[in-house]
Amino acid sequence: MRVAVVGGGAWGTALSNVAAEATGEQTALIGRDPARMAEIAKARVNAARLPDIALHQGVHPTADRTAVSDADIVLLVVPTQTLRSVCAEFLPLMSPGAIVVTCCKGVEQVTLALPHEVLRDALPGMRHAILSGPSFAEDVALGLPTAVTLASHDEDAAILVTESLATRSFRPYRSHDMDGAALGGAAKNVLAIAAGAVAGRGLGASAVAAMVARGFAELARLGLALGAKPETLAGLSGLGDLVLTTSSTKSRNFSLGLALGRGEPPPNKLAEGAATVEALVALAAQHEIDMPISAAVADVLGGRVSVGAAVANLLARPLRAEV
Ligand SMILES: NC(=O)C1=CN([C@@H]2O[C@H](COP(=O)(O)OP(=O)(O)OC[C@H]3O[C@@H](n4cnc5c(N)ncnc54)[C@H](OP(=O)(O)O)[C@@H]3O)[C@@H](O)[C@H]2O)C=CC1
Ligand SMILES: O=C(CO)COP(=O)(O)O
């Protein structure tokens, strides 16, 4: 199986190393900036996005989009808001039998679609899967043990992708539940901003734990309303990724929240949760699901309330039975 990776960011670079190791085949890493891709090819390191980590010898960095054409499996590893246009751009170049895997985590702002729904709309007739789960690009690229969810309605596709990405340290677990895998990844990014803000305000580890647990409750409420399976929501791509992202300063979303909580300027790298939060809250409203923590993040990032007022509002919510 030959894999191509579209998106020369941190995660795309880490996954290209994984695919080259797992398949023993040349793996194209396709970025959009020719000068930067030439630099990566020469230095054998993606200094801007994944510094100090050598590319696997089988990785072929390029800006030539046609490098996707002989791939059996195409990983799309770009920000969620660009996924649809990237699909349109690559559709005429991909082999019609290729399996396309979205590795993005978010909700599309205009349509409120999750990444796998974007693939379904934008790449009709092609085979689809989604990869999600607790996995910092740096950890994966360093060969640290990582387990993720690989979900597809197409069992054969899921097996082929799993086999083409499994290494001694990277373990994809198969699932049929694309809705659950996608929703977990999208919601945890938003909830990590909230956890970071609570930590940044110095409210203590107990408060952060409460935020994570109540955050999981709202992730699960929306997931169940969308038809996700409880075991997916409590698994790697749901609770697993929520725990990772709400507990580490390696997370761009948690770091954004931390800066907001401390009253510091937000880090300049855009976290996916910031681009997703309004759409996530709108999606929840469509399903009449209450997501107070996500709504508070939306209000803070939208400049409608301060972090202090948002936390105070959350604490002032009427007490009720835990659900
Ligand atoms: N980083 C991580 O640890 C993980 C990230 N993810 C998810 O993977 C996705 C990508 O994240 P990550 O790699 O970290 O992000 P980065 O910001 O590091 O990279 C994003 C890549 O997408 C490219 N890109 C941006 N806009 C466009 C566009 N309009 N058309 C084509 N390409 C574009 C960028 O190109 P350019 O370099 O030219 O700007 C860059 O190569 C996100 O959804 C994230 O949530 C999932 C798991 C782990
Ligand atoms: O998705 C991730 C880990 O699973 C990466 O999280 P951040 O985008 O917050 O860095």
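Under an unreviewed UniProt entry, the name given to the protein is Glycerol-3-phosphate dehydrogenase [NAD(P)+], and the source organism is Hansschlegelia plantiphila. One UniProt comment on the protein, placed under Sequence similarities (unreviewed entry), says "Belongs to the NAD-dependent glycerol-3-phosphate dehydrogenase family." Quoted verbatim from the Subcellular location (unreviewed entry) field of UniProt, the annotation for the protein is "Cytoplasm".

Chemist: Could you give an account of the UniProt feature "binding site: sn-glycerol 3-phosphate" (unreviewed entry) in the protein, with specific residues and numbers?
Modeler: The feature "binding site: sn-glycerol 3-phosphate" (unreviewed entry), as annotated in UniProt, sits at Lys105, Gly133, Ser135, Lys188, Asp241, Ser251, Arg252 and Asn253 in this numbering. Note that Lys105 resides in the loop between β7 (99-102) and α4 (115-122). When residues no more than four places from it in sequence are discounted, the contact partners of Lys105 are Thr80, Ser132, Gly133, Ser135, Gly185, Ala186, Lys188, Asn189, Asp241, Glu272 and Thr276. Within the structure, the side chain of Lys105 is placed 3.0 Å from the backbone oxygen of Gly133, a separation counted as a polar contact. Within the fold, Asn253 resides in helix α11 (residues 252-262). Judged by its relative accessible area of 5%, Asn253 falls in the buried class.

Chemist: Summarise unusual backbone geometry; cite the residues concerned and give the values.
Modeler: With phi around 60°, Arg44 is a residue other than glycine that occupies positive phi space. Considering the arrangement of structural elements, one finds Arg44 in the loop between α2 (34-43) and β3 (45-46). Given a relative accessible area of 27%, Arg44 falls into the partly exposed group. Of note in this structure, Glu288 is not a glycine but carries a positive phi near 55°.

Chemist: Give a description of the sheet that holds β7 that names residues and reports values.
Modeler: Judged by pairing direction, the sheet is mixed, and its eight strands sit side by side in the order β5-β2-β1-β6-β7-β8-β9-β10 without closing on themselves. The open sheet has two free edges, formed respectively by β5 (59-62) and β10 (170-175), since each of these has just one partner strand. Strand after strand, the sheet turns through a mean of 25° between neighbouring axes, direction not considered. As defined by bridge partners, strand β8 (residues 127-132) adjoins strand β9 (residues 146-151) across three bridges and the pair is classed as antiparallel. Residue pairing for β9: Ser132 is matched across the bridge by Thr149. Where helix α1 (residues 10-23) meets the sheet, it contacts β1 (3-6), β2 (27-30), β5, β6 (73-76), β8 and β10, and its direction lies at approximately 170° from that of β2.

Chemist: Run through the environment of Leu165, naming residues and quoting values.
Modeler: On the secondary structure map, Leu165 appears in helix α6 (residues 155-165). Expressed as a C-alpha distance, the spacing of Leu165 and Ala20, which sit 145 residues apart in the sequence, is 8.4 Å. Among all residues touching Leu165, those that are not within four sequence positions of it are Val18, Ala19, Ala22, Leu75, Leu131, Phe170 and Pro172.

Chemist: Would you mind going over the site of ligand 2 in detail, with residue names and values included?
Modeler: Taken together, 13 residues lie near ligand 2, and Lys105, Lys188, Asp241, Ser251 and Asn253 sit nearest. Between ligand 2 and Asn253, the relevant distance is 2.7 Å, taken from an oxygen atom to a side-chain nitrogen or oxygen of the residue. Protein chains shield 92% of the accessible area of ligand 2, which is 310 Å² for the free molecule. Those elements that provide at least two residues to the shell around ligand 2 are α10 (236-245) and α11. Split by domain, the shell around ligand 2 shows at least three residues from each of two domains, domain 1 (3-176) and domain 2 (179-315).

Chemist: Explain helix α13 (residues 292-301) to me, and be specific about the residues and the numbers.
Modeler: Where burial is concerned, most of α13 is hidden: seven out of the ten residues are buried. Within the sequence span of α13, burial applies to Pro292, Ile293, Ser294, Ala296, Val297, Ala298 and Val300. Positioned one or two residues after α13, Gly303 has a phi angle of 75°, which is positive.

Chemist: Can you tell me about the environment of His60, naming the residues and giving the values?
Modeler: Its place among the elements puts His60 in strand β5. A sequence separation of 33 residues divides His60 from Thr27, and the C-alpha atoms of the two residues are 5.8 Å apart. Not counting residues up to four positions away in its chain, the partners in contact with His60 are Gln26, Thr27, Ala28 and Leu29.

Chemist: I'd like a description of the side chain of Thr102, backed by residues and values.
Modeler: Mapped onto the secondary structure, Thr102 falls in strand β7. Relative accessible area serves as the criterion here: at 0%, Thr102 is assigned to the buried category. Not counting chain neighbours up to four residues away, the residues in contact with Thr102 comprise Leu76, Leu83, Pro115, His116, Leu119, Ala129, Ile130 and Leu131.

Chemist: For the environment of Ile99, give the residues involved together with the corresponding values.
Modeler: With respect to the element layout, Ile99 can be found in strand β7. Overall, Ile99 belongs to the buried group, its relative accessible area being 2%. Sequence separation between Ile99 and Ala158 is 59 residues, and the spatial gap between their C-alpha atoms is 9.1 Å. Not counting chain neighbours up to four residues away, the residues in contact with Ile99 comprise Asp72, Ile73, Val74, Arg127, Ala157, Leu160 and Val161.

Chemist: Which residues make up the site of ligand 1, and what values go with them?
Modeler: Taken together, 20 residues lie around ligand 1, and Arg32, Arg36, Arg49, Ala137 and Glu272 are the ones closest in. Residue Gly9 places a main-chain N or O atom 3.0 Å away from an oxygen atom belonging to ligand 1. Within the side chain of Arg36, an N or O atom sits 2.5 Å from an oxygen atom of ligand 1. Looking at side-chain class alone, the shell around ligand 1 contains nine nonpolar, five polar and six charged residues.

Criteria and thresholds
- Along each chain, the written sequence defines residue order, and numbers are assigned to residues from 1.
- Think of it this way: whatever chain is written first is A, whatever ligand is written first is 1, and the rest follow in order.
- In keeping with the model being predicted, local features are shown solely for residues with a pLDDT of at least 70 and side-chain atom pairs are shown and tallied solely at 80 or more, while totals for entire chains, interfaces and linings include all residues.
- In computing side-chain values, all of the structure's heavy atoms are included and hydrogens and water are not.
- UniProt positions are given in the numbering used here, feature names are shortened, and annotations may be inferred rather than shown by experiment.
- Helix numbering and strand numbering both begin at the N terminus, where a helix is a DSSP run of H or I of at least 4 residues and a strand a DSSP run of E of at least 2.
- Whether two residues are in contact is decided by their heavy atoms: any pair within 4.5 Å suffices.
- Any pair of nitrogen or oxygen atoms within 3.5 Å is treated as a polar contact; in protein, a donor-acceptor pairing is required on top of that, and neighbouring residues in sequence qualify only through side-chain atoms on both sides.
- Burial here depends on accessible area, computed with a 1.4 Å probe over protein chains only, as a share of the maximum for the residue type. Under 20% is buried, over 50% is exposed, and the range in between is partly exposed.
- Strand pairing is assigned whenever DSSP detects at least two bridges linking the two strands.
- Axis lines are fitted through C-alpha atoms, for helices just across the contact stretch, and the angle between N-to-C directions can take any value from 0 to 180 degrees.
- Each residue is tested against the molecule or strand, and it is near if at least one of its non-hydrogen atoms lies within 4 Å.
- Working definition of accessibility: Shrake-Rupley area with a 1.4 Å probe, residue cover restricted to the visible protein chains.
- For the domains described, the bounds stem from an automatic or database domain assignment.
- In this classification, Asp, Glu, Lys and Arg are treated as charged, Ala, Val, Leu, Ile, Met, Phe, Trp, Tyr, Cys and Pro as nonpolar, and every other residue, Gly included, as polar.

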